[in-house]
Amino acid sequence: MERLVLHEYARSGNCYKIRLTAAHVGAALERREYDIMQGETRTPEFLAKANANGRIPVLQVGDRFLPESNAACWYLASDTPLMPEDREASHRPVACRARTRSLVPAVAASLADAA
Ligand SMILES: N[C@@H](CCC(=O)N[C@@H](CS)C(=O)NCC(=O)O)C(=O)O
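Note that this is a predicted model, so its numbers are computed, not measured.

J.: Any details on the environment of Cys15? Residues and values, ideally.
T.: You can see Cys15 is positioned in helix α1 (residues 13-25). Judged by the 23 C-beta atoms lying within 10 Å of it, Cys15 falls in the buried class. For the pair Cys15 and Val58, spaced 43 residues apart in sequence, the C-alpha to C-alpha distance is 8.5 Å. The contact partners of Cys15, leaving out residues within four places of it in the chain, are Leu6, Glu8, Tyr9, Ala10, Ile56 and Pro57.

J.: Run through the environment of Asn70, naming residues and quoting values.
T.: By secondary structure assignment, the location of Asn70 is in helix α3 (residues 69-77). With 56 residues separating them along the chain, Asn70 and Asn14 place their C-alpha atoms 8.3 Å apart.

J.: Before we move on, can you summarise the nonpolar core with the specific residues and values?
T.: Ranked by internal contacts, the top residues of the largest apolar core, which has 16 residues, are Cys15, Ile18, Leu59, Ala72 and Cys73. Every element with two or more residues in this core is listed here: β1 (4-8), α1, β3 (58-61) and α3. The leading source of residues in this core is α3, at four residues. Beyond its immediate chain neighbours, meaning those up to four positions away, Ile18 contacts Leu6, Pro57, Leu59, Ser69, Ala72 and Cys73.

J.: Go over the pairing of β1, please, and point to the residues and values.
T.: For β1, the tally of buried residues reaches four of five residues, placing the bulk of the element in the interior. Bridge analysis of β1 against β3 gives four bridges, and the strand direction is antiparallel. Its bridge partner being in β3, Leu6 is matched across the sheet by Leu59. Examined bridge by bridge, β1 and strand β2 (residues 30-33) share four bridges and lie parallel to one another. By the bridge assignment for β2, His7 is matched with Arg32. After leaving β1, the chain enters α1 and then returns to the sheet as β2, a path that is right-handed.

J.: Before we move on, could you go through the sheet that holds β3 and cite the residues and values that matter?
T.: What holds strands together in a sheet is hydrogen bonding between their backbones, with the strands either parallel or antiparallel. Across the sheet, which stays open at both edges, the four strands sit in the order β2-β1-β3-β4 with mixed pairing between neighbours. The two strands at the open ends of the sheet, each matched to only one other strand, are β2 and β4 (64-67). Taken over all neighbouring pairs, the strand axes of this sheet differ in orientation by 25° on average, direction set aside. Bridge count between β3 and β4: four bridges; the pairing is antiparallel. If you follow Leu59 over to β4, its bridge partner there is Leu66.

J.: Residue-level account of the packing of α1 against α3, with values.
T.: Between α1 and α3, the least distance of the axes is 9 Å, while the angle of their chain directions is 5°. Classified by the angle their axes make, α1 and α3 are roughly parallel. Packed against α1, whose contacting residues are Asn14, Lys17, Ile18, Thr21, Ala22 and Val25, the element α3 presents Ser69, Ala72, Cys73, Leu76 and Ala77 at the interface. Considering only residue class, the contact of α1 with α3 consists of seven nonpolar, three polar and one charged.

Parameters at a glance
Residues numbered from 1 in each chain as written. Predicted model: local features only at pLDDT ≥ 70, side-chain atom pairs only at ≥ 80, totals over all residues. Helix = DSSP H or I, 4+ residues; strand = E, 2+ residues; numbered from the N terminus. Buried ≥ 20, exposed ≤ 12 C-beta atoms within 10 Å, placed from the backbone. Contact = placed C-beta atoms within 7 Å. Core = buried A, V, L, I, M, F, W, Y, C linked by C-beta atoms within 7 Å. Pairing = 2+ DSSP bridges. Right-handed = clockwise from strand over helix to strand, strands pointing away. Axes fitted to C-alpha atoms, helices over the stretch in contact; angles between N-to-C directions. Parallel < 35°, antiparallel > 145°, perpendicular 65-115°, else oblique. Nonpolar A, V, L, I, M, F, W, Y, C, P; charged D, E, K, R; others polar.

Next comes the structure, spelled out in structure tokens:
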């Protein structure tokens, strides 16, 4: 697999769910922290290179940058038992994808419990 770098703010739930997904599928993530309160994702370099929307998380895959937390979770989960592409393996693909989507509210609920 290509090198994966999560550009993140560690306290962000959108970043946390990507770390959870990566842990679930056994993907090694490097982490690069930004202080969003100091505008570190609004620099000309970040906007030009990582995300023109000026927000984290951004999952870097090799030299490509993938913004949006749900897109990153789907990328990491694709072709894994968490979201198999093989219809025979998944048996009921729609149900399987629904289970994957259900991770998002589950993570949000666990964050709310922890707060
Ligand atoms: N829809 C985006 C939302 C990203 C987002 O709102 N990121 C916030 C932190 S959770 C951020 O970067 N805020 C800093 C800013 O807007 O400057 C996603 O799911 O990734």
